[in-house]
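Next come the chains, spelled out residue by residue.
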Amino acid sequence: MTLNGREIVVGVDGTDQSLGALRWAAREAKRRGAPLHLVSAYSVPVYAGSTFDVGYAAFDQGALDDAVKELVREAALHVQNLNVEVRSTVETGDPSGVLLELSKSAQLLVLGSRGRGGLLGRLLGSVSTAVPAHSHCPVGIIPLPWAREHQLERDINETKAFIDGVSVGSDGSKHSSVAMLRAADEAQLLGVPLTVVCAVPPMAGAASWMPTPVDFENIYQEIADALNASVRWLRGHFPDLEINAELLDGSPIDVLVQQSNLNRLVVMGTRGRGGFAGMLLGSTSQGVIHNSAGPLMIIQGFKDERLADRPEVTL
């Protein structure tokens, strides 16, 4: 990936959620040697608060704009000692639209998973739900509990708080293959192993209506063989990276949420096709975003020239 000079964009709204995302984004900017861009956006309320007696209520946009600028300035103070190039902007417009436009020139867009707008009247939680599927770059989603536990009182260079590992969900689709490549990039950057996981929902309960016996052992073996083929392909592009494969029983959401408890970072795509394994990453990503215990990176099916030699597999 040619990302040198491309900034990391983080959405801020003054809440603990966005400050946790800011600290994580600052750590990544420091690691990657990238500029950090703090962004806040607001929409001018469309209303006419009126009564028969007092007429129309005045709206002071200048005061709101000043308040948002002060909010962003205070947020920047939280990372001023990290020796990271920081700039900040305040935009008028829909927050999702503003962030998506900035994602065109960013290497990473970072959001808190559960924000509340307060003065801005915004829900970063809803933004983090809408943005990943349409972003032009990977999106980092940082849950508040993780941010509080690992970021608020710790030095930016401290790594002992993190379990060394990156995990990525795979279902054999092209989109999950892109996620695998990006996850390997991240693991190589971090200097940690990568685990490729495939979730297989329990199948025994579905057998009762089937007219003929089902050889579940053979099905599992076929899925395992396809997963291993994908991992062998990935190792060909990352010969110096430790890459492991795990075939796990359970729903994709449960499996990936559990991985978020075990790894420093979980990577997943937003447009998967489940095949037999049922790893529907498009819908699964929403469930994981709202239940993850640690940082997520969402990949929206970007083009990657390394897919040219991707094997055809069905999981």
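Here, the structure is the one placed above.
Conventions and cut-offs
- Residues numbered from 1 in each chain as written.
- Predicted model: local features only at pLDDT ≥ 70, side-chain atom pairs only at ≥ 80, totals over all residues.
- Heavy atoms only, no water.
- Helix = DSSP H or I, 4+ residues; strand = E, 2+ residues; numbered from the N terminus.
- Contact = heavy atoms within 4.5 Å.
- Areas by Shrake-Rupley, 256 points an atom, 1.4 Å probe, with all protein chains shown as cover.
- Polar contact = N/O pair within 3.5 Å; in protein donor to acceptor, adjacent residues only side chain to side chain.
- Pairing = 2+ DSSP bridges.
- Axes fitted to C-alpha atoms, helices over the stretch in contact; angles between N-to-C directions.
- Buried < 20%, exposed > 50% of the residue type's maximum accessible area, 1.4 Å probe, protein only.
- Right-handed = clockwise from strand over helix to strand, strands pointing away.
- Core = buried A, V, L, I, M, F, W, Y, C linked by side-chain atoms within 4.5 Å.
- Salt bridge = Lys/Arg side-chain N within 4 Å of Asp/Glu carboxyl O.

*Asks:* Would you mind showing me how to read the overall build of the chain here?
*Replies:* A count of helices and strands for the chain gives nine helices and twelve strands. Across the chain, contacts joining residues at least 24 apart in sequence account for 79% of those joining residues at least 6 apart. Total accessible area on the chain is roughly 14800 Å²; 50% of this is exposed by carbon and sulfur atoms.

*Asks:* Help me out: how do you make sense of the side chain of Glu 7 in this one?
*Replies:* In this fold, Glu 7 is placed in strand 1 (residues 7–11). There is a polar contact of 2.9 Å between the side chain of Glu 7 and the side chain of His 37. A polar side-chain atom of Glu 7 sits 3.3 Å from a polar atom in the side chain of Arg 87. Sequence-distant contacts of Glu 7, defined by excluding residues within four places in its chain, comprise Pro 35, His 37, Arg 87, Ser 105, Ala 106, Gln 107 and Leu 108.

*Asks:* What should I look at first to understand the sheet that holds strand 10 (residues 243–249) in this one?
*Replies:* Sheet strands pair by backbone hydrogen bonding; their relative direction is either parallel or antiparallel. Taking strand neighbours across the sheet as the criterion, the ten strands line up as 5-2-1-6-7-12-11-8-9-10 in an open arrangement whose pairing is mixed. What marks the edges here is a single partner per strand, and that holds for strand 5 (86–92) and strand 10. On average, each strand axis in the sheet is tilted by 25° relative to the strand beside it, whichever way the strands run. For strand 9 (residues 194–200) and strand 10, the ladder comprises seven bridges, and the chain directions are parallel. Paired with Cys 198 across the bridge in strand 10 is Leu 247. Helix-sheet contacts for helix 8 (residues 252–262) involve strand 8 (166–169), strand 9, strand 10 and strand 11 (265–269), and the interaxial angle to strand 9 is about 155°.

*Asks:* What's the story with the pairing of strand 11 in this structure? I'm lost.
*Replies:* Consecutive side chains of a regular strand alternate in pointing toward one face of the sheet and then the other. Most of strand 11 sits inside the fold, with five of its five residues counted as buried. Of the two faces of strand 11, the one holding Leu 265, Val 267 and Gly 269 and the one holding Val 266 and Met 268 are both buried throughout. Taken together, the three bridges between strand 8 and strand 11 define a ladder with parallel strand orientation. Each residue of the ladder has a partner; that of Val 166, found in strand 11, is Leu 265. With four bridges joining them, strand 11 and strand 12 (residues 296–299) adopt parallel strand pairing. Directly across from Val 266, in strand 12, lies its bridge partner Leu 296.

*Asks:* Even after reading the chapter, I still don't get the pairing of strand 2 (residues 36–42), so can you show me in this structure?
*Replies:* Of all seven residues making up strand 2, seven are buried, and the element is well covered by its neighbours. Burial of the side chains of strand 2 extends over both faces: Leu 36, Leu 38, Ser 40 and Tyr 42 are buried on one face and His 37, Val 39 and Ala 41 on the other. Strand direction decides the pairing type here: strand 1 and strand 2, joined by four bridges, are parallel. Across the sheet, residue Val 9 finds its bridge partner in strand 2, namely His 37. Crossover handedness for the path strand 1 to helix 1 (residues 16–32) to strand 2: right-handed.

*Asks:* I'm lost on unusual backbone geometry in this one. Help?
*Replies:* Peptide bonds are trans in most cases, and residues, glycine excluded, mostly fall at negative phi. The residue Asn 83 is not glycine, and still its phi comes out positive at about 55°. Here Asn 83 is to be found in the loop between helix 2 (61–77) and strand 5. Classification of Asn 83 by relative accessible area gives exposed; the value is 71%.

*Asks:* I'm lost on the nonpolar core in this one. Help?
*Replies:* Among soluble globular proteins, nonpolar side chains are generally buried collectively. Ranked by internal contacts, the top residues of the largest apolar core, which has 53 residues, are Leu 36, Leu 194 and Leu 234. In contact with Leu 234, not counting residues within four places along its chain, are Met 180, Leu 181, Ala 184, Leu 194, Val 196 and Ile 243.

*Asks:* Explain the environment of Ser 285 here, please?
*Replies:* Inspection of the secondary structure assignment puts Ser 285 in helix 9 (residues 281–289). Taking C-alpha positions, Ser 285 is 9.1 Å from Pro 132, a pair spaced 153 residues apart along the chain. When near neighbours in sequence (up to four residues on either side) are disregarded, Ser 285 contacts Met 268, Gly 269 and Thr 270.

*Asks:* How should the pattern of salt bridges be read in this particular structure?
*Replies:* Within the structure shown, the criterion is met by ten salt bridges. Where Arg 27 meets Glu 28, a salt bridge forms, and the shortest distance between an N and an O atom there is 3.2 Å. Measuring nitrogen to oxygen at the nearest pair gives 3.1 Å for the salt bridge that ties Arg 32 to Glu 28. A residue pair is termed a helical-turn pair when its members lie 3 or 4 positions apart in one helix, as Arg 32 and Glu 28 do in helix 1 at four residues. Each member of the pair, Arg 32 as well as Glu 28, is classed as buried.

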